[in-house]
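Per-entry structural report
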Amino acid sequence: MRNRRLQHTLTPVVPRPAVFIDRDGTLTEEVGYVNHPSRLRLLPRSARAVRRLNDAGIPAVLVTNQAGIARGYFSAEVLDAVTRELVAQLKDGGAHLDGIYVCPHHPSAGAPPYRMECGCRKPKPGLLERAAGDLALDLKGSVMVGDKPSDLDAAARAGARGVLVLTGYGRGEWEYRRTVFPVAPDHVAEDLLDAVEWALRGLGR
Ligand SMILES: [Mg+2]
Ligand SMILES: [Zn+2]
């Protein structure tokens, strides 16, 4: 036991690339605030996309802003129930997430402790950085997939590449607002599965 611990301590951990995935509009349908598990629906090819990452041995890490908590639209307990529903729907599709990171904050709405100027609300890179620390991830080799410019911005600030999906808000953002994006996408994909295929090609998988 002692030796194993020592071995573990001395073996350098080589950071691995990951694919970070936004929730609403990217992994699941954009339906506004998901204030009940019954409102959560995976997009059609999402389980397949996550399964591709699982099969390739690439960590699939959810990073999501849920300011509805700070705003008082739903509680942390409801978010937990929604997350359990998400995990169950993915499991039905033979897929799993390797990490789930949520920002429940808002800089001005609601009350403390959730009303705060945090470092984790995308476009800030805090969620990605926390995941990288916890899971020993190589951010520079990683890809963040999302349907909003703030996802691309968070990717860039974390040193990762950013893919815009055309699901959720993505198509409207790309067609009508791309000239005002703070950060251009490294790739535009039809949906999460296409984004994952692009990421895996870049990783040589
Ligand atoms: Mg989104
Ligand atoms: Zn936060």
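These lines cover the structure that appears in this document, whether it is placed above or below. What you see is a predicted model; the values in this text were computed from it and never measured.

1. Points about empty space enclosed by the protein
A full pass over the atoms with the stated rule returns one cavity of 30 Å³ or more. For the lining of the largest cavity, the secondary structure elements donating two or more residues are β2 (60–65), α4 (76–92) and β3 (99–103). Counting residues per element, the lining of the largest cavity draws most heavily on α4, which supplies three residues. Its residues assigned to classes, the lining of the largest cavity shows five nonpolar, three polar and one charged.

2. Observations regarding the coordination of the magnesium ion (ligand 1)
Tetrahedral coordination by four donors places them ideally at 109.5 degrees to one another around the metal; octahedral coordination by six donors ideally gives 90 or 180 degrees. The protein atoms donating to the magnesium ion (ligand 1) are D22 (OD), D24 (O) and D147 (OD), with metal-donor distances spanning 2.1 to 2.2 Å. The sequence motif formed by the donor residues of the magnesium ion (ligand 1) is D-x1-D-x122-D. Taken together, the positions of D24 in the loop between β1 (19–21) and α2 (46–56) and D147 in the loop between β4 (143–146) and α6 (149–158) put the pair 123 residues apart, joining distant regions of the chain. Of the residues examined, D147 reaches a relative accessible area of 1% and is grouped as buried.

3. Quick look at the nonpolar core
With 31 residues, the main nonpolar core has I21, L27, V50, L53, L86, L90 and V145 as its most contacted residues. At the level of secondary structure, the elements contributing two or more residues to this core comprise β1, α2, β2, α4, β4, β5 (161–165) and α8 (192–202). The element that contributes the greatest number of residues to this core is α8, accounting for seven residues. Ignoring sequence-local partners within four residues, the contact set of V145 consists of V19, F20, I21, D22, T26, V163, V165, L192 and A195. Counting 18 residues, the second largest nonpolar core, distinct from the first, contains V61, V63, L137 and A155.

4. A word on the sheet that holds β3
If you trace the six strands from one edge of the open sheet to the other, you get β3-β2-β1-β4-β5-β6, paired in parallel fashion. Of all strands in the sheet, those bounded by a partner on one side alone are β3 and β6 (187–189). Neighbour to neighbour, the strand axes of the sheet diverge by 25° on average, direction disregarded. In terms of strand pairing, β4 meets β5 through four bridges, oriented parallel. Looking across to β5, one finds that M144 is bridged to G162.

5. A closer look at unusual backbone geometry
Residue P113 follows P112 across a cis peptide bond; omega there is 5°. You can see P113 is positioned in the loop between β3 and α5 (126–135). Following K122, the chain continues to P123 via a peptide bond in cis, the omega torsion being 20°. With respect to the helices and strands, the residue P123 is situated in the loop between β3 and α5. Positive phi, normally seen in glycine, also occurs at A136, with a value near 55°. Position of A136 relative to the elements: it lies in the loop between α5 and β4.

6. Examining the packing of aromatic side chains
The full count for this structure, using the stated rule, is three aromatic pairs. Relative to Y73, the ring of Y33 lies with its centre 4.7 Å away and its plane at 80°, an arrangement referred to as edge-to-face. You can see Y33 sitting in the loop between β1 and α2 and its partner Y73 sitting in the loop between α3 (68–71) and α4, a full 40 residues away along the chain. Ring pairing ties together the aromatic residues Y33, Y73 and F74, which thus form one cluster. Taking NZ or CZ as reference, R178 lies 4.4 Å from the ring centre of W174, over its face.

7. Things to note about the coordination of the zinc ion (ligand 2)
Within the protein, C103 (SG), H105 (ND1), C118 (SG) and C120 (SG) serve as the donor atoms for the zinc ion (ligand 2), at 2.1 to 2.3 Å. For the zinc ion (ligand 2), the four donor atoms in the first shell make angles of 102 to 115° at the metal, a pattern classed as tetrahedral. Each donor residue of the zinc ion (ligand 2) belongs to the same chain, and together they define the spacing C-x1-H-x12-C-x1-C. Of the two residues, H105 is situated in the loop between β3 and α5 and C120 in the loop between β3 and α5; the sequence distance between them amounts to 15 residues. What makes C120 buried here is its relative accessible area of 5%.

Cut-offs applied
Residues numbered from 1 in each chain as written. Chains lettered and ligands numbered in written order. Predicted model: local features only at pLDDT ≥ 70, side-chain atom pairs only at ≥ 80, totals over all residues. Heavy atoms only, no water. 1 Å grid on protein atoms, 1.4 Å probe; cavity = no way out; pocket = protein on both sides within 12 Å on 5 of 7 lines; lining within 4 Å. Points joined across faces, edges and corners; volume = space filled by probe spheres on them. Helix = DSSP H or I, 4+ residues; strand = E, 2+ residues; numbered from the N terminus. Nonpolar A, V, L, I, M, F, W, Y, C, P; charged D, E, K, R; others polar. Donors = N, O, S within 2.8 Å, 3.2 Å for Na, K, Ca; no water. Buried < 20%, exposed > 50% of the residue type's maximum accessible area, 1.4 Å probe, protein only. Core = buried A, V, L, I, M, F, W, Y, C linked by side-chain atoms within 4.5 Å. Contact = heavy atoms within 4.5 Å. Pairing = 2+ DSSP bridges. Axes fitted to C-alpha atoms, helices over the stretch in contact; angles between N-to-C directions. Phe/Tyr/Trp six-rings, centres within 6.5 Å; stacked < 30°, edge-to-face > 60°. Lys NZ or Arg CZ within 6 Å of the ring centre and 35° of its normal. Tetrahedral: all angles 85-135°; square planar, octahedral: opposite > 155°, others 65-115°.

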